[in-house]
Amino acid sequence: MPPLSALRRQLLSLPLAAALPVARGGAVPQTLRLPDPNAYSAHGGFYIEVLKLALSKTADREPVPALVHAPPDLPRPRLRQMLQDGQLDIIWSTTTPEREAQALPVRFNLLKGTNELRFLLVRAADLPTLRSARTLQALRHFRAGAGTYWSDTQILQANGFAVETTPKFDLLFRMLKAGRFDFIPRTRDEIDAELIQHAELGFAELPGVALQYKQPLYFFVARDKPQLAERLLRGLNLAAADGSFDALFMAQPELRSAWAQLRGYTGVRLQLKALEAEAAASAASR
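Residues numbered from 1 in each chain as written. Predicted model: local features only at pLDDT ≥ 70, side-chain atom pairs only at ≥ 80, totals over all residues. Heavy atoms only, no water.

1. Some thoughts on the environment of Leu53
With respect to the helices, strands and loops of the structure, Leu53 is situated in helix 4 (residues 44-57). Once the C-alpha coordinates of Leu53 and Ala239 are considered, the two residues, 186 residues apart in sequence, prove to be 7.3 Å apart. Aside from chain neighbours lying at most four places away, what touches Leu53 is Ala239, Ser244, Phe245 and Leu248. (Helix = DSSP H or I, 4+ residues; strand = E, 2+ residues; numbered from the N terminus. Contact = heavy atoms within 4.5 Å.)

This is how it looks when you write it as structure tokens:
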């Protein structure tokens, strides 16, 4: 049998249907199929390390599976459908009622709530008008922009905001520049990076105000693999209890900064209601 690295290269060189075959059965598989960590989301490398940590905490009872990544160019809706179809075993995602109906959530908040604060990316020319928006009622007079498939979109709409959406992330910034909407809610590390990346577009952060809403980010497991979901939850809880999860979390500079920002932010926090599934799972938020 070839070594693991060679086996992974062989699998990734095959066509998608061959590299990621449909898996059946209740036992935890020896190979776990998941998104490419660098292409699927921010902090992808961190989620992979957390997954390895959770699996290692239960390795005394079951072997640690090998990890195989899907091709990096697959959009998120496709990856979620692959999870439902049995072509993937695990993804990580913020939760919504729809996502919890389609897959098994592992109720351990991987971001420790650091994505709760959303800072508002706006056109710098609009700052004189927007500075007076310090209540939800006032802010609802302005239009938000968000991704079509973002859970943020559902949360904003459920809280009375008009939201302009697009499935193409890069279009959001052109749409904001063109006046299609008035702000994009972003996490601390996102807005800091985007103000630099799009400096020529004349954007700014609306100072002294942020939206706040619960948005747990979980591992999601294919519904035919409850044993895998149970093993991950058990491993994550063990890692939380012995401090190894927090050590890994705080070793990520962006997450450590976001944690400090969440605890120390002194601006106005405009509280939004969470989606129903998130409210029911609030006890699992760490």
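2. As for the confidence of the model for the protein chain
Keep in mind that low pLDDT regions are not for reading the predicted coordinates in detail. When pLDDT is averaged across the protein chain, the result is 87; 86% of the residues are at 70 or more. No element of the protein chain has a lower mean pLDDT than helix 2 (residues 16-19), at 40, and none a higher one than helix 13 (residues 244-250), at 98. For residues 278-286, every residue scores under 50 in pLDDT, and the model assigns this stretch 20 contacts once sequence neighbours within four places are set aside. (pLDDT = per-residue confidence, 0-100.)

3. Focus: the packing of aromatic side chains
Both the distance between ring centres and the angle between the ring planes are used here to describe each pair of aromatic rings. Considering all chains together, one arrives at 11 aromatic pairs under this definition. Note on Trp150 and Phe169: the rings are 6.3 Å apart at their centroids and 40° apart in plane angle, and the pair reads as tilted. Placement of the pair is Trp150 in the loop between strand 6 (144-147) and helix 9 (151-158) and Phe169 in the loop between strand 7 (163-166) and helix 10 (171-177), with a sequence separation of 19 residues. Residue Trp150 is classed as buried on the basis of its relative accessible area of 17%. Among the residues examined, Phe169 registers a relative accessible area of 36% and is labelled partly exposed. Ring centres 5.2 Å apart and planes at 85° place the aromatic pair Phe169 and Phe173 in the edge-to-face group. Phe173 gets classed as buried once you look at its relative accessible area, which sits at 2%. Across from the ring centre of Phe249, 5.7 Å away, lies the NZ or CZ of Lys112, which sits over that ring. One cation-aromatic arrangement involves Arg140 over Phe161; the distance from NZ or CZ to the ring centre is 5.7 Å. (Phe/Tyr/Trp six-rings, centres within 6.5 Å; stacked < 30°, edge-to-face > 60°. Buried < 20%, exposed > 50% of the residue type's maximum accessible area, 1.4 Å probe, protein only. Lys NZ or Arg CZ within 6 Å of the ring centre and 35° of its normal.)

4. Re the environment of Pro37
Residue placement: Pro37 occurs in helix 3 (residues 37-40). Judged by its relative accessible area of 8%, Pro37 falls in the buried class. In the structure, Pro37 is positioned 11 residues away from Ile48 in sequence and 7.0 Å away in space, judged by C-alpha atoms. If near-sequence neighbours (up to four positions away) are discounted, Pro37 is found in contact with Gly44, Gly45, Ile48, His69 and Trp92.

5. Some remarks on unusual backbone geometry
Positive phi outside glycine occurs at His43, with the angle close to 65°. With respect to the helices and strands, the residue His43 is situated in the loop between helix 3 and helix 4. The phi torsion at Lys112 lies on the positive side, around 55°, for a residue other than glycine. Looking at Lys112, the relative accessible area reads 11%, which means it is buried.

6. Let's talk about the nonpolar core
Looking at soluble globular proteins, one finds that nonpolar side chains tend to be buried together. In this structure, Phe219 and Leu232 are the most contacted members of the largest nonpolar core, which totals 43 residues. When contributions to this core are tallied by element, the ones reaching two or more residues are strand 1 (31-34), helix 4, helix 5 (76-84), strand 3 (90-94), strand 4 (104-106), strand 10 (217-221), helix 12 (226-242) and helix 13. Beyond its immediate sequence surroundings of up to four residues, Phe219 is in contact with Tyr47, Val50, Leu51, Ile90, Ile91, Trp92, Leu104, Pro105, Val106, Leu110 and Leu236. Among the nonpolar cores identified, the runner-up in size contains 39 residues, and Val122, Trp150, Leu172 and Phe181 belong to it. (Core = buried A, V, L, I, M, F, W, Y, C linked by side-chain atoms within 4.5 Å.)

7. As for the pairing of strand 10
Most of strand 10 sits out of view: five of its five residues are buried. The two faces of strand 10 match: Leu217, Phe219 and Val221 on one face and Tyr218 and Phe220 on the other face are all buried. With five bridges connecting them, strand 3 and strand 10 associate as antiparallel partners. Residue pairing for strand 10: Ile91 is matched across the bridge by Phe220. Here strand 4 runs beside strand 10; their pairing, made up of three bridges, is antiparallel. (Pairing = 2+ DSSP bridges.)

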